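# Chains, contacts and geometry: an overview
Listed below are the residues making up each chain.
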Amino acid sequence: MTTETKKIRVLVAKPGLDGHDRGAKVIARALRDAGMEVIYTGIRQTPRMIAEAALQEDVDVVGLSILSGAHMELFPRVITELESRGVDDVLLMCGGIIPEEDIPAIREMGFTGVFGPGASTVDMIEFINLSVSASRHEN
Amino acid sequence: MDATDLTSRILGGDRRALALAITHVENNTETGRAVQAGLYPRTGQAQTIGVTGSAGVGKSTLASVLAAEQRARGRTVGIVAVDPSSPFSQGAILGDRIRMQALTADGGVFLRSMASRGSLGGLSETTTGVVDLLDAAGYDIVLLETVGAGQDEVEVATATQTTVLVTAPAAGDDVQVMKAGLMEIAQVMVINKSDLAGADTTAQQLRALLSLAPAGRAWIPPIVKTVARAGDGAANLVDAIDQHQQHMRESDHAGDERRALVRSQIIALARASLYREALTMAEREGILDGLAEQVAERRTDPRTAADTLLAAMRGEGAG
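## Overview of the overall build of chain A
A count of helices and strands for chain A gives 5 helices and 5 strands. For chain A, the succession of helices and strands along the chain, N to C, is β-α-β-α-β-α-β-α-β-α. Taken against the 2.2 N^0.38 rule, which gives 14 Å for 139 residues, the C-alpha radius of gyration of chain A at 14 Å falls within 12% of a compact globule. Dimensions along the principal axes, computed over C-alpha positions, put chain A at roughly 50 × 35 × 25 Å. Classification of the 139 residues of chain A by burial places 51% in the buried group. Within chain A, contacts between residues separated by at least 24 positions form 73% of all contacts whose residues are at least 6 apart in sequence. The average position of the 14 basic charges and that of the 21 acidic charges among the side chains of chain A differ by 8 Å.

As structure tokens, this is what we get:
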């Protein structure tokens, strides 16, 4: 007899050079308290490091936190690195300081969840639970 | 991807297939079991090393420099890093990548973080499986870094060939070391943070303890001093591990030791499955809730309730 146990695994990563990770840590903690397994990479991650982590850790969700303003530069590179490794089925989320006018382009890249300052962790958790269970249902 | 597909891709060096298979093993799926069974004949090539010890002694940092030293010697490294799950939410924050930054962009390293998932999962059950997958996938070194706590620690020692026990100066007196019975499971002792005061005393205490080992014990664990943060002692540590591995290969009792190791693995796996089955059944039938209520109201005692529970399960098993 086997008893299957399934957990939502989330990678929380900070691409680029900004060193302030209070927000990322608060989110990691909130997701943990919601029963998820959160792999936190720490600060100053290159797109390649993030993609490697997503691949090796077989995560359901990749969440990027960025405050430096380099999102339009770094996000596409993260996606390219993910795609080149065949990691094409993860839920992409981001948060931090992202100007309103950049959001449509970011959604276009594939980030279905964009959470700026003041976003509620409850909304984030609900978003992940709904999206991941929907995509698991498809498979 | 089905089990056959995963198995052949892993043998072909596909890292994504390896990652997916590890998830199957962690989630205890039929596919995971099939992959494990299919790959087991291909295991036995890697040096498997466990790193264990109490919280805060520097296991992650030491595992990181240990892996870096192995890479410097041209060996590929698969790492399994276990962190505890919350007993309340069952969630976990897995932070080993933070201390292993230098390794995370190295193609010769595969690092997987794992949550302990509480007692229900049977930590040893999954770690043994994941170590085997990394071995079969062709990594020269498989490194298992465990949470340092309780019974699981001793069991986890059966998942790898060489167990490295990490201590730090002033982490308790010699009775602490004796209490945990760790002398039995460690093949290499490390005193990390050995730049701190008290390192020599700790070394002395360990040496004294080891001198009490049963006579005729073929392998006496060496004591290696390290300062993991600075990378000091990494070369000595790898040498000590290599010596133990060589000792195992050349030992007259190599076959016996291997049988003893897998025997412990079989017991640990059977125990985990049995435990999970029993608990699942007890909860499904509501038997456990009923008994808990009776004991809470002191209408019966815990020992009698446990016997009743077992009797009920045996009844269902027979029918």
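## Observations concerning the sheet that holds strand β4 (residues 91-96) of chain A
Strands sit in the order β5(A)-β4(A)-β3(A)-β1(A)-β2(A)-β3(B) across an open sheet of 6 strands; the sheet is parallel. Both outer strands of the open sheet, β5 (111-115) of chain A together with β3 (92-94) of chain B, are each paired with one neighbouring strand and no more. Shown here is a sheet whose adjacent strand axes are inclined to one another by a mean of 20 degrees, direction ignored. Across 4 bridges, strand β1 (residues 9-13) of chain A lies against strand β2 (residues 37-40) of chain A in parallel orientation. What sits directly across from valine 12 of chain A, in β2 of chain A, is tyrosine 40 of chain A. Each of β1, β2 and β3 (61-66) of chain A together with β3 of chain B touches helix α1 (residues 22-33) of chain A; the most contacted strand, β2 of chain A, lies at about 160 degrees to it. Lying on the sheet, helix α3 (residues 71-84) of chain A is in contact with β3, β4 and β5 of chain A; it crosses β3 of chain A at an angle near 160 degrees.

## Remarks on the side chain of histidine 247 of chain B
Note on placement: histidine 247 of chain B falls in helix α11 (residues 234-250). Residues within four places of histidine 247 of chain B in sequence aside, it is in contact with Ala218 and Trp219 of chain B.

## Let's talk about the packing of aromatic side chains
All names here are of chain B. Tallied over the entire structure, the rule returns 3 aromatic pairs over all chains. Taking 6.3 Å as the distance between ring centres and 50 degrees as the angle between the ring planes, the aromatic pair formed by phenylalanine 110 and tyrosine 139 counts as tilted. Here phenylalanine 110, found in strand β4 (residues 109-115), pairs with tyrosine 139, found in the loop between α7 (123-136) and β5 (141-145); they are 29 residues apart in sequence, far enough to count as distant. You'll find phenylalanine 110 and tyrosine 139 in the same group, each marked buried.

## Points about the sheet that holds strand β7 (residues 188-191) of chain B
Residue and element names in this part refer to chain B. The 7 strands are arranged β4-β2-β5-β1-β6-β7-β8 in an open sheet whose pairing can be described as parallel. For this open sheet the edge positions go to β4 and β8 (223-225), each flanked by a neighbour on one side alone. Averaged over all pairs of adjacent strands, the angle between strand axes in this sheet comes to 20 degrees, irrespective of strand direction. Sheet topology note: the strand β1 (residues 47-53)/β5 ladder contains 5 bridges and is parallel. Along β5, the bridge assignment pairs glycine 50 with leucine 144.

## Focus: the layout of surface pockets
Residues and elements named next belong to chain B. Roughly 980 Å³ of volume is contained in the largest pocket. Considering the residues around the largest pocket, the lining is formed by 36 residues, among which Gln161, Met248, Glu257, Arg258 and Leu261 are closest to the centre. For the lining of the largest pocket, the elements supplying multiple residues, two or more each, are β1, α7, α11 and α12 (254-284). It is α12 that contributes the most residues to the lining of the largest pocket, 7 residues altogether. Along the lines of polarity and charge, the residues of the lining of the largest pocket split into 13 nonpolar, 16 polar and 7 charged.

Analysis parameters
Residues numbered from 1 in each chain as written. Chains lettered and ligands numbered in written order. Predicted model: local features only at pLDDT ≥ 70, side-chain atom pairs only at ≥ 80, totals over all residues. Heavy atoms only, no water. Helix = DSSP H or I, 4+ residues; strand = E, 2+ residues; numbered from the N terminus. Rg over C-alpha atoms; globule rule 2.2 N^0.38 Å. Buried < 20%, exposed > 50% of the residue type's maximum accessible area, 1.4 Å probe, protein only. Contact = heavy atoms within 4.5 Å. Lys, Arg positive; Asp, Glu negative; His and termini not counted. Charge placed at Lys NZ, Arg CZ, Asp CG, Glu CD. Pairing = 2+ DSSP bridges. Axes fitted to C-alpha atoms, helices over the stretch in contact; angles between N-to-C directions. Phe/Tyr/Trp six-rings, centres within 6.5 Å; stacked < 30°, edge-to-face > 60°. 1 Å grid on protein atoms, 1.4 Å probe; cavity = no way out; pocket = protein on both sides within 12 Å on 5 of 7 lines; lining within 4 Å. Points joined across faces, edges and corners; volume = space filled by probe spheres on them. Nonpolar A, V, L, I, M, F, W, Y, C, P; charged D, E, K, R; others polar.

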